[in-house]
Amino acid sequence: MTLTSTAEIVGDAARAGTGAGAFNVITIEHAEAIARGADAAGRKAILQISENAVRYHGGLAPIAAATLAVARAAALPMSVHLDHATEPALVVEAIDLGIGSVMFDASALEYTANLVATAAIVAQCHDAGVWVEAELGEVGGKDGVHAPGARTDPGEARAFVERTGVDALAVAVGTSHAMLTRDAVLDLDLIRALRETVPVPLVLHGSSGVPDDGLRRAVARGIAKVNIGTQLNKAFTTAARDYLGADPKAVDPRTYLGAARTAVAAEVARLLTVLGT
């Protein structure tokens, strides 16, 4: 199956009233697990590489090449997406490497500065045929969309989309990144209001902290793309830790990383089923 676009996956999900699963890739095992889990669920998926993962690998090119190869070989359509890029140079590199969508994150800036920086990136990406997601949260908030209590204003969101030309918008509706517990409480009325006001697909970041029923309700209210990272890392680390605990003499990384990969694939399949209902 050939590599597809994030625009196609998110657009199809939005039209169907389901959620497109966007999963973070840290190692090649993550990418392989996501592809296997998507195949098991019979659903398309988005492979995301964050700026933090790029920093971990010392550059985008190696992990991008591996992730693109996994996507191209997957049984079902997959896309590759650059997540939470704050540096324009990284966006340019992603375009050059053949990544078809980017999330440019200037949400730590105040509203006008975020708008100006995002509009410049959108113009550059659209010239190259690249789909762009941006982020808008608490106006003036130093912590961006995931500051405690931050919320996206529907009117400002609509103006932001119209003036920047972004293709999707990540919104602040009650989630936080890197949550280890799944007890985040979403503002479902705000999601509905944003869906009725904003003319592009809405994206939920920090979704690992949202329980399954909350994810279903968020999608039903209008979220089209759901980003998940920490939940996969919990499954990955637990499986590796359990394997090494059961076999203290294990030294071959393929044994415990294989167990971790299998666990992540199962969780991806489960989550995609949740988002599909």
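Residues numbered from 1 in each chain as written. Predicted model: local features only at pLDDT ≥ 70, side-chain atom pairs only at ≥ 80, totals over all residues. Heavy atoms only, no water.

J.: Quick one: what's the story with the confidence of the model for the protein, residue by residue and with numbers?
T.: On average, the protein scores 91 in pLDDT, and the residues at 70 or more come to 91%. Throughout residues 138–142 the model reports pLDDT below 50, and contacts reaching past four residues in sequence, or to other chains, amount to ten contacts. (pLDDT = per-residue confidence, 0-100. Contact = heavy atoms within 4.5 Å.)

J.: Can you lay out helix H4 (residues 60–73) for me, pointing to particular residues and giving the numbers?
T.: Each α-helix winds once per 3.6 residues, and so residues spaced three or four apart point in a common direction. End to end, H4 covers 20 Å across 14 residues, agreeing with the expected 20 Å (1.5 Å per residue, within 8%). Three or more residues of H4 are buried, namely Leu 60, Ile 63, Ala 64, Ala 66, Thr 67, Leu 68, Val 70 and Ala 71. Packed against the buried residues of H4 are helix H2 (28–41), strand S2 (45–50), helix H3 (51–57), strand S3 (78–85) and helix H5 (88–97). (Helix = DSSP H or I, 4+ residues; strand = E, 2+ residues; numbered from the N terminus. Expected span 1.5 Å × (residues − 1). Buried < 20%, exposed > 50% of the residue type's maximum accessible area, 1.4 Å probe, protein only.)

J.: Help me get a handle on the pattern of salt bridges, residues and values and all.
T.: Per the counting criterion, the structure on display carries eleven salt bridges. Arg 15 is paired through a salt bridge with Asp 12; the nearest N and O atoms lie 2.7 Å apart. Of this pair, Arg 15 and Asp 12 both sit in helix H1 (residues 6–16), separated by three residues, roughly a single helical turn. Owing to a relative accessible area of 30%, Asp 12 belongs among the partly exposed residues under this scheme. In this structure, the salt-bridge partner of Arg 261 is Glu 32, at a minimum N-O distance of 2.8 Å. (Salt bridge = Lys/Arg side-chain N within 4 Å of Asp/Glu carboxyl O.)

J.: Give me the lowdown on the nonpolar core, citing residues and values where you can.
T.: Ranked by size, the top nonpolar core spans 74 residues in total, and within it Phe 23, Ile 34, Ile 49, Leu 60, Met 78 and Leu 169 carry the most contacts. Sort the elements by how many residues they give to this core and helix H11 (residues 253–275) lands first, with eight residues. Beyond its immediate stretch of four places on either side in the chain, Ile 49 contacts Val 25, Val 54, Leu 60, Ile 63, Ala 64, Thr 67, Val 80, His 81, Leu 82 and Asp 83. Ala 20, Ala 22, Ala 168 and Val 203 belong to the second largest nonpolar core, which has eleven residues in total. (Core = buried A, V, L, I, M, F, W, Y, C linked by side-chain atoms within 4.5 Å.)

J.: Tell me about the sheet that holds strand S8 (residues 223–228), residues and numbers included.
T.: With parallel pairing, the eight strands of this closed barrel are ordered in space as S1-S2-S3-S4-S5-S6-S7-S8. Geometrically, the sheet is characterised by an average inter-axis angle of 25° between neighbouring strands, direction not taken into account. By the bridge criterion, three bridges tie strand S7 (residues 202–204) to S8 in an arrangement that is parallel. Looking across to S8, one finds that Leu 204 is bridged to Val 226. (Pairing = 2+ DSSP bridges. Axes fitted to C-alpha atoms, helices over the stretch in contact; angles between N-to-C directions.)

J.: I'd like to hear about the environment of Lys 225, residue by residue, with values.
T.: Within the element layout of this structure, Lys 225 appears in strand S8. Sequence separation between Lys 225 and Gly 258 is 33 residues, and the spatial gap between their C-alpha atoms is 28 Å. Dropping the residues within four chain positions of it, Lys 225 is found in contact with Val 10, Ala 20, Ala 22, Ile 46, Gln 48, His 81, Trp 131, Glu 133, Leu 202, Val 203 and Leu 204. Engagement of the side chain of Lys 225 in a polar contact is seen with the side chain of Asn 227, the distance being 2.8 Å. (Polar contact = N/O pair within 3.5 Å; in protein donor to acceptor, adjacent residues only side chain to side chain.)

J.: Tell me about the pairing of strand S1 (residues 20–24), and name the residues and values.
T.: Each regular strand displays side chains that alternate between the two surfaces of the sheet. Of all five residues in S1, five are buried, a share of seventy percent or more. Residue alternation in S1 divides its side chains into two sets, Ala 20, Ala 22 and Asn 24 and Gly 21 and Phe 23, and both sets are buried. Alignment of S1 against S8, held across four bridges, turns out to be parallel. Bridge pairing in S8 links Ala 20 to Lys 225.

J.: Before we move on, can you summarise the environment of Leu 188 with the specific residues and values?
T.: Summarising the element assignment, Leu 188 is placed in helix H8 (residues 188–197). Look at Leu 188 and you get buried, because its relative accessible area is 19%. Spatially, the C-alpha atoms of Leu 188 and Tyr 243 are 40 Å apart, while their sequence positions differ by 55 residues. When near neighbours in sequence (up to four residues on either side) are disregarded, Leu 188 contacts Arg 217, Ala 218 and Arg 221.

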